[in-house]
Amino acid sequence: MTAPAGTQPRSRRRALLLACSRFTDETLPALRSPTRDAEALQRLLDQIGYETRTLTDCTAQEARHAVAEFFETATRRDVNLLYFSCHGLQDAEMNLHFAFSDSQYRRPDVTGVSAEFVRIHIARSRARSTVVIVDCCFSGAFLRAMRPKASRDAGVNALVRDLPEGTGVAVLTSSGATELSLEDPSDQHAARSRGSYFTEAILTGLGTGAADTDLDGRITVDELFSYASDRVADGPSHQKPRKYVEAVGDLVVAAVRVRKPEPGPPVPPPAMSGATLAAQDPIQPWPPLPGPGPGPEESRRRNRRRRSRRPLSVGVALVVALAGGLVLWTNWPSMAQAEPVPVPPVVGLTRADAETAIRSARLIPVAVPASTAAAACATGSVTGQAPAPRSTAAQGSTVTYQVCARSKSAVPETSPTPKRGKKSTVSPAPRTRTPAIGPTSNSPSPKPLPPKVPCVANYSEETATAVLGEAGYNVSTVTTTDGGTPGAVTSQSPSCGTRLVKGNTVRIFVPAEPEPDTSDDPGNGG
């Protein structure tokens, strides 16, 4: 059934809210605000005309499916609002990953939902208006994922090219790329009544209409961010919200239907007036005057008793101090045990580089020789280590690594046994100096092994090109029509870990971008 001629398809306001407060990884502490904030935001969005779906305490896989389905089912006239409230984790490259119930602190890139994954689905979506609200630690790193790549015509700039007025992509984050996003203070009453500072400001601005600063009956992304940023700044938190907008015209988040009184700023501490000080710390009345003091004889007896008890008190204090020192000395190893640190990978490095890497990780390097054939490894390079790479060890513990050394023959050459009746000779003669044995011009020197090709599967084309180029290889991109994420590397040749001399070419296979869908284009007459 098609729409009547002259009518436009109805635009929808859609919202997907993802929040997580509980985590199976014990290193990720539970949060108070995300579930409560998402439920409050859902109630408010339902009142202002949004079709809302909320997922709380779900797994990372469920969150990825929800994000993909949310953008795949969007139409060109929809206004999409995506909300994250959870832990924000960063990997070694400082990329942002959202943590959900089964995410692990030490493996965010494998067990979390990456900001790059969200950006890819925003770019694929047919919707022309998308607003992303991120309330988590290091949320400002999401803006780095939204920036367009320098070597490809993709990213947010491509999303907003040739779009009509009031369309594009906007991202509002609760903090910078290296800042924490805070919940309510430790006061238990405040913890039960308030959520996170940033989401509370968003709810206040939309719910009361206070974010409509120009009083035109509409709340745009710029107005909402300006109101929320000012309200967070007025509170006790030091976080600084961030904004990223690539749009044509104003992105309208909501229409103001009813204006309500705006709640005041956070309650300041009470003024230190005279009445307040008197109420908090009343002055006690003077104590009664003491009676007549003891006579001279009584004073002398008291002084003698004090002097007799003084050596006993000193002895007791000395015994207590010795006992406390003994307890501290016996428990010092367990008390001084530091946090575990990751063991750096040093296989393939030189001995000096391996020692530097191990000491930088606050560990103690211990080198042992590994006698192998000259062709099997490069002399002076590390061939093995214990503990294993990327495992954890206590600070100050030892890391043993094997250094390749050329094997030496332990059996000296001997002259043939002289025949009976002949005098045997020893060469060189006894008590004569022999030249030092060293490498000769004819002995081949061991050649170092070529480096291994880095693994770039599932990386974006730009990241893979940068990694391989930094490793010293030329890169050739092969566009394929096989299934996979457009713009992400599916395979490489030579394969990951193959030893290859620098300067050679490594081919990466990247699926082509899908053809644009023109089925809803008005120029087709459909």
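Conventions we followed
- Residues numbered from 1 in each chain as written.
- Predicted model: local features only at pLDDT ≥ 70, side-chain atom pairs only at ≥ 80, totals over all residues.
- Heavy atoms only, no water.
- Core = buried A, V, L, I, M, F, W, Y, C linked by side-chain atoms within 4.5 Å.
- Buried < 20%, exposed > 50% of the residue type's maximum accessible area, 1.4 Å probe, protein only.
- Helix = DSSP H or I, 4+ residues; strand = E, 2+ residues; numbered from the N terminus.
- Contact = heavy atoms within 4.5 Å.
- Pairing = 2+ DSSP bridges.
- Axes fitted to C-alpha atoms, helices over the stretch in contact; angles between N-to-C directions.
- Parallel < 35°, antiparallel > 145°, perpendicular 65-115°, else oblique.
- Left-handed = near helix turned anticlockwise from the far one by under 90°.
- Nonpolar A, V, L, I, M, F, W, Y, C, P; charged D, E, K, R; others polar.
- Salt bridge = Lys/Arg side-chain N within 4 Å of Asp/Glu carboxyl O.

Engineer: Sorry, what's going on with the nonpolar core here?
Structural biologist: Considering soluble globular proteins, one finds that nonpolar side chains tend to be buried as a cluster. Counting residues in hydrophobic clusters, the biggest one holds 35 residues, and the most contacted among them are Leu45, Tyr50, Leu81, Leu206 and Leu224. Broken down by secondary-structure element, the contributors of at least two residues to this core are β1 (13-19), α1 (33-47), β3 (79-85), β7 (129-135), β8 (167-173), α8 (197-208), α9 (221-234) and β11 (252-255). In this structure Leu224 touches Leu172, Ile202, Leu206, Ala211, Ile219 and Val253, once residues within four positions along its chain are discounted. Grouped together as the second largest cluster of nonpolar side chains are 32 residues, Phe23, Cys58, Cys86 and Val171 included.

Engineer: Honestly, the sheet that holds strand β17 (residues 474-480) in this entry has me stumped. Any pointers?
Structural biologist: Each strand in a sheet pairs with another by means of backbone hydrogen bonds, the pair being arranged parallel or else antiparallel. Judged by pairing direction, the sheet is mixed, and its three strands sit side by side in the order β17-β19-β18 without closing on themselves. Here the strands that pair on one side only, and so sit at the sheet edges, are β17 and β18 (491-493). Across the sheet, the mean angle from the axis of one strand to that of its neighbour is 25 degrees, orientation sign disregarded. Sheet analysis places β18 next to strand β19 (residues 505-511), joined by three bridges and oriented antiparallel.

Engineer: Mind showing me how you'd approach the packing of helix α2 (residues 60-72) against helix α4 (residues 115-124) here?
Structural biologist: The description of two packed helices rests on the angle between their axes and on the distance between the axes. It is the contact of α2 with α4, at a shortest axis distance of 9 Å, that shows an interaxial angle of 15 degrees. In terms of orientation, α2 and α4 fall into the roughly parallel class. Considering the relative orientation of α2 and α4, their crossing is right-handed. Contact with α2, carried on its side by Arg64, Val67, Ala68 and Phe71, involves Phe117, His121 and Ile122 of α4 and no other residues of that element. In terms of residue class, the contact of α2 with α4 is built from five nonpolar, one polar and one charged.

Engineer: Would you mind showing me how to read the environment of Val506 here?
Structural biologist: Mapped onto the elements, Val506 comes out in strand β19. Distance from Val506 to Pro454, taken between C-alpha atoms, is 10.0 Å for residues 52 residues apart in sequence. Contacts of Val506, omitting those with residues within four sequence positions, involve Val453, Leu468, Tyr473, Asn474, Val475, Ser476, Ser493, Pro494 and Leu500.

Engineer: Would you explain the pattern of salt bridges in this entry?
Structural biologist: Opposite charge on two side chains lets them pair, provided their charged atoms get close. Taken as a whole, this structure holds eight salt bridges when the rule is applied. Between Arg53 and Glu69 there is a salt bridge, with its nearest N and O atoms 3.7 Å apart. Here the residue Arg53 occupies a position in strand β2 (residues 51-56), and Glu69 occupies one in helix α2, the gap between them amounting to 16 residues. Arg53 gets classed as partly exposed once you look at its relative accessible area, which sits at 40%. With its nearest N and O atoms 3.6 Å apart, the salt bridge here joins Asp216 to Arg218. Given the relative accessible area of 36%, Arg218 is considered partly exposed. When salt bridges that share partners are traced, they join Arg12, Glu51 and Asp78 into one network.

Engineer: How should the packing of α1 against α8 be read in this particular structure?
Structural biologist: Running from amino to carboxyl end, α1 crosses α8 at an angle of 15 degrees, the nearest separation of the two axes being 11 Å. Compared by their axis directions, α1 and α8 come out roughly parallel. Seen along the crossing, α1 lies across α8 with a hand that is left-handed. Along its contact with α1, which presents Asp37, Ala40, Leu41 and Leu44, the element α8 presents Thr199, Leu203, Leu206 and Gly207.

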